[in-house]
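For reference, the chains in residue letters:
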Amino acid sequence: YTGNNGTQAIVNSGNSDLAPDLVWIKSRTTARNHILTDAVRGVTKSVSSNTTSAEATDADNLTAFGSDGFTVGDATSYSPDVNASGVNYVAWQWKANGSGSANTDGTINSTATSANTTSGFSIVKFVGNGTSGATVGHGLGVAPKMLILKDLGVAENWVIYHEAMGPTKFMYFTTIAATTASNRWNDTAPTSSVFSLGNETQVNASGRNYIVYAFAEIPGYSSFGSYTGNSSTDGPFVYTGFKPALIMTKRTDSTSDWTIEDTTRSTFNLVENGLFPNLSIAEDTTGDRMDILSNGFKLRTTQQPNVGTLIYMAFAENPFGGDGAAPATAR
């Protein structure tokens, strides 16, 4: 969508039954922060994947979650990130289950867990207790493949778990490689009901508020895994079982940027419109990256995301092989 410097409702064309609970917005044409807003924290609250900053509050950023999209506010201190006049934006959206409710499955009771078991996505807000081995319920009913966690109250790095790295390692939304430490995930993989925490302040300081976005794999809708790049324009093919609409990747064995490609910004192959969750820069359109195919994606670059060992997360363009009319809960 294009910003207008004033309040506007963004309607999900072609997916009008999607009522999002997480909206992730990025300017395509200017250097601005990534803005993540969810229904558990509320529309006035945002965090940015490209900064360590604590949660920000602004009434003119997102102003509403709608039944078919969301509304952005007029141009004040924060809204240039989401609605500056003439600037092109992309918004990635996921449906959970509204503002959520308390979950008592773990040793830490979440203050709110909003879970969509059909699409394998939940939003969890909790208060840390500073104890190694603490657990928090995620509400998904199956073990998540990926966790994205942020301390809301102070400037701290995002902390990320991915099954392909295992629970002994973590990454940030920075360029760092996968790092071994027991004090993030307590060397314990998530279960069907809870995820585990160490006592590192980034994930579990006593009395501090945290938000977690948890993703489970749903065949025909989402795929999480790893692959090895070959630095060639005839790169590896990664099977997902569906045509991806969105693909996020990160090298784990060395430093690199995170990357996001999608079929809304890149409507034909070769896909070249890259954005970077760890950077505020505008969209990069300078290089071919991949072909997005009916059952996966094939790398077509000598650079990232086709160098070293990488993790990925991918979501289907037409969930469960449908014609685009799949239930809203599956989007």
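Just so it is clear, the structure is predicted and the values come from calculations on it, not from any experiment. (Residues numbered from 1 in each chain as written. Predicted model: local features only at pLDDT ≥ 70, side-chain atom pairs only at ≥ 80, totals over all residues. Heavy atoms only, no water.)

A. Expanded view of the overall build of the protein chain. Of the regular secondary structure elements, the protein chain holds three helices and 25 strands. In summary, the protein chain has a C-alpha radius of gyration of 19 Å against a globular reference of 20 Å for 331 residues, a match within 12%. Oriented by its inertia axes, the alpha-carbon framework of the protein chain measures out at about 50 × 45 × 35 Å. Looking at the protein chain as a whole, 55% of its 331 residues qualify as buried. Once local pairs closer than 6 in sequence are excluded, the contacts in the protein chain between residues at least 24 apart make up 63%. (Helix = DSSP H or I, 4+ residues; strand = E, 2+ residues; numbered from the N terminus. Rg over C-alpha atoms; globule rule 2.2 N^0.38 Å. Buried < 20%, exposed > 50% of the residue type's maximum accessible area, 1.4 Å probe, protein only. Contact = heavy atoms within 4.5 Å.)

B. Focus on the confidence of the model for the protein chain. Looking at the protein chain as a whole, its pLDDT mean stands at 94, while 95% of the residues score no less than 70. The low-confidence segment residues 323–331 (pLDDT under 50) makes 29 contacts with residues lying over four places distant or belonging to another chain. (pLDDT = per-residue confidence, 0-100.)

C. Broad picture of the sheet that holds strand β23 (residues 290–293). Strand order in the open sheet formed by three strands is β20-β24-β23, and the pairing between neighbours is antiparallel. Only two strands of the sheet have a single partner each, and these edge strands are β20 (237–239) and β23. Adjacent strand axes in the sheet meet at a mean angle of 15° when their direction is disregarded. As paired elements, β20 and strand β24 (residues 296–299) share three bridges and run antiparallel to each other. Across the sheet, Val238 pairs through a bridge with Phe297, a residue of β24. (Pairing = 2+ DSSP bridges. Axes fitted to C-alpha atoms, helices over the stretch in contact; angles between N-to-C directions.)

D. Seen up close, the pairing of β23. Where β23 meets β24, four bridges bridge the pair, whose relative direction is antiparallel. Opposite Ile292, over in β24, you have Phe297 as the bridge partner. Connecting β23 to the antiparallel partner β24 that follows it, the hairpin turn spans two residues.

E. Region of interest: the sheet that holds strand β3 (residues 35–38). Strands sit in the order β3-β2-β8 across an open sheet of three strands; the sheet is antiparallel. Across the chains shown, the open sheet's two edge strands, defined by having one partner strand only, are β3 and β8 (89–94). The mean angle between the axes of side-by-side strands here comes to 15°, regardless of whether they run parallel or antiparallel. The pairing of strand β2 (residues 22–27) with β8 spans six bridges and is classified as antiparallel. Paired with Val23 across the two strands is Gln93, which belongs to β8.

F. Looking closely at the side chain of Thr135. The residue Thr135 is located in strand β12 (residues 134–137) in this model. A relative accessible area of 14% places Thr135 in the buried class. The residues touching Thr135, leaving out its near neighbours within four places in the chain, are Gly106, Thr107, Ile108, Val194, Phe195 and Ser196.

G. Representation of the packing of aromatic side chains. Applying the stated criterion across every chain, the model contains 21 aromatic pairs. Ring geometry for Trp24 versus Phe173: centroids 6.2 Å apart, planes at 70°, classification edge-to-face. Separated by 149 residues along the polypeptide, Trp24 in strand β2 and Phe173 in the loop between β15 (169–170) and β16 (179–180) bring together distant segments of the chain. The exposure classification of Trp24 matches that of Phe173, with both residues buried. Each residue in the set Trp94, Phe121, Phe215, Tyr221, Phe224 and Phe315 is aromatic and connected to the rest through ring pairs, giving one cluster. (Phe/Tyr/Trp six-rings, centres within 6.5 Å; stacked < 30°, edge-to-face > 60°.)

H. Structural view of the pattern of salt bridges. With the rule as written, the count across this model stands at 15 salt bridges. The partner of Arg41 in a salt bridge is Asp38, and the shortest N-O contact between them spans 2.7 Å. Look at Arg41 and you get buried, because its relative accessible area is 9%. Here Arg289 makes a salt bridge to Asp284, at a shortest N to O gap of 2.9 Å. Judged by its relative accessible area of 7%, Arg289 falls in the buried class. Here the salt bridges share partners, and the residues they tie into one network are Arg28, Asp262, Arg265 and Glu283. (Salt bridge = Lys/Arg side-chain N within 4 Å of Asp/Glu carboxyl O.)

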